[in-house]
Amino acid sequence: MSNWIFLAEEKKDLDWLNKHGLKAIHLDDYLTGPNAHGAKKNSQVINLCRSSKYLSIGYYASLLAEARGHKNIPSVRTQLDVSRKGLIRLRSELLESSRIKKLLDAQALKIEGQTRFELNVYFGGSIYSELNEIARLAFDEFPAPMLKVIFKRRSAKEWALDDVRLMSLAKLPKEEEQFFIERLTRFTTQRKRKTRTKAPARFDLAILVNPEEKLAPSDEGAIKKFERIGKSQLYVERIERKDYQRISEFDALFIREI
């Protein structure tokens, strides 16, 4: 995890992250300059600041990270998207399929008469394993370390997405702390790129493929040719549907799957 930077603005958060083996740095140290803490051009930032609203210190940290060429989560775009309630309503259809409604019903009915359900999402995962499909969809739409996805029951047979909020370590339930650390560790360790012998590419490109697809838009030969040509100027990596949580790591996505 040497290229990962974990940002926090509260000393108690720094101490907590460091206690779990994550070398977190104080936001002030990051703001003073990228070389103050050994950050490299291809560093990736996990912004765990408690503030994330527009023009907050956490928002400014993400803005600075992008200006420095550091990939960061949540991005400025995600922070703005979450603040736009109209956009959340527009995207709510993605979280309201019939299957997801059944999942919500099964979970919410565990508490009789429940009409509101809050789901904490950590890097696309939830403590409710049966609701991971919803967690993955939420993370895909709003890539952030911690999300609170709130659903309300419209009627006896219908659920609706009510709100999506960015969470902070201050709101992390005690009983979910270990799960968050596990998700964070998994997110960072599974995203180690292959060692590059050349200078870092300016842009990263993901190619979405399905190895099992018989009538794919591009055959293996065409994909290999594209990779060979692309790698002369880009970092190119194949990904599959199961890797969609990683999309935010790349600058562009080339879809080669029906």
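About the thresholds
Residues numbered from 1 in each chain as written. Predicted model: local features only at pLDDT ≥ 70, side-chain atom pairs only at ≥ 80, totals over all residues. Heavy atoms only, no water. Helix = DSSP H or I, 4+ residues; strand = E, 2+ residues; numbered from the N terminus. Buried < 20%, exposed > 50% of the residue type's maximum accessible area, 1.4 Å probe, protein only. Contact = heavy atoms within 4.5 Å. Axes fitted to C-alpha atoms, helices over the stretch in contact; angles between N-to-C directions. Nonpolar A, V, L, I, M, F, W, Y, C, P; charged D, E, K, R; others polar. pLDDT = per-residue confidence, 0-100. Pairing = 2+ DSSP bridges. Right-handed = clockwise from strand over helix to strand, strands pointing away. Phe/Tyr/Trp six-rings, centres within 6.5 Å; stacked < 30°, edge-to-face > 60°. Polar contact = N/O pair within 3.5 Å; in protein donor to acceptor, adjacent residues only side chain to side chain.

## Points about the environment of Ser62
Next, step 1: Here Ser62 lies in helix 3 (residues 57-67).
Next, step 2: Exposure remark for Ser62: the relative accessible area of 0% places this residue in the buried category.
Next, step 3: The spatial distance from the C-alpha of Ser62 to the C-alpha of Val76 is 5.8 Å, given a sequence separation of 14 residues.
Next, step 4: Excluding residues that lie within four positions of it along the chain, Ser62 makes contacts with Asn47, Asn72, Pro74, Val76 and Gln79.

## Focus on the packing of helix 3 against helix 4 (residues 76-83)
Next, step 1: The contact between helix 3 and helix 4 brings their axes to 9 Å, and the two run at 145°. Each of Gly58, Tyr59, Ser62, Leu63 and Glu66 in helix 3 lies in contact with helix 4, whose residues at this interface are Val76, Gln79 and Leu80.
Next, step 2: Among the residues forming the contact of helix 3 with helix 4, the class breakdown is four nonpolar, three polar and one charged.

## Things to note about the confidence of the model for the chain
Next, step 1: Of all residues in the chain, 79% have pLDDT values of 70 or greater, and the mean over the chain is 79.
Next, step 2: Note on residues 193-199: pLDDT is under 50 here. Beyond four places in sequence and across chains, it has 10 contacts.

## Regarding the pairing of strand 9 (residues 235-239)
Next, step 1: For strand 9, the buried fraction is high: four of the five residues fall into the buried class.
Next, step 2: Here five bridges tie strand 8 (residues 204-208) to strand 9, and the two strands are oriented parallel to one another. Across the sheet, residue Leu208 finds its bridge partner in strand 9, namely Ile239.
Next, step 3: Taken together, strand 8, helix 9 (residues 220-230) and strand 9 constitute a β-α-β crossover, and its handedness is right-handed.

## Things to note about the sheet that holds strand 8
Next, step 1: On the basis of which strands lie adjacent, the open sheet formed by three strands has the order 9-8-10 and parallel pairing. The open sheet has two edge strands with one neighbour each: strand 9 and strand 10 (252-255). Pairwise comparison of adjacent strand axes, ignoring direction, gives a mean angle of 25° for this sheet.
Next, step 2: Summarising the sheet, strand 8 and strand 10 pair through four bridges and their orientation is parallel. Residue pairing in the sheet places Leu208 in a bridge with Ile255 of strand 10.
Next, step 3: Across the sheet, helix 9 lies against strand 8, strand 9 and strand 10, angled at about 155° from strand 9, the strand it touches most.

## So, the packing of aromatic side chains
Next, step 1: Under the defined criterion, the tally for this structure stands at 10 aromatic pairs.
Next, step 2: Taking 5.9 Å as the distance between ring centres and 65° as the angle between the ring planes, the aromatic pair formed by Trp4 and Phe187 counts as edge-to-face. Here the residue Trp4 occupies a position in strand 1 (residues 4-8), and Phe187 occupies one in helix 8 (residues 177-189), the gap between them amounting to 183 residues. The two residues Trp4 and Phe187 agree in class, both being buried.

## Details of unusual backbone geometry
Next, step 1: Here Ile73 and Pro74 are connected by a cis peptide whose omega angle stands at 0°.
Next, step 2: Along the chain, the position of Pro74 falls in the loop between strand 4 (71-73) and helix 4.

## Some remarks on the side chain of Lys148
Next, step 1: In this fold, Lys148 is placed in strand 6 (residues 146-155).
Next, step 2: At 3.4 Å, the side chain of Lys148 and the side chain of Glu118 are in polar contact.
Next, step 3: Of the polar contacts made by the side chain of Lys148, one reaches the side chain of Asn120; its length is 2.8 Å.
Next, step 4: With residues up to four places along the chain from it excluded, the contact list for Lys148 reads Glu118, Leu119, Asn120, Asp163, Val164, Arg165 and Met167.

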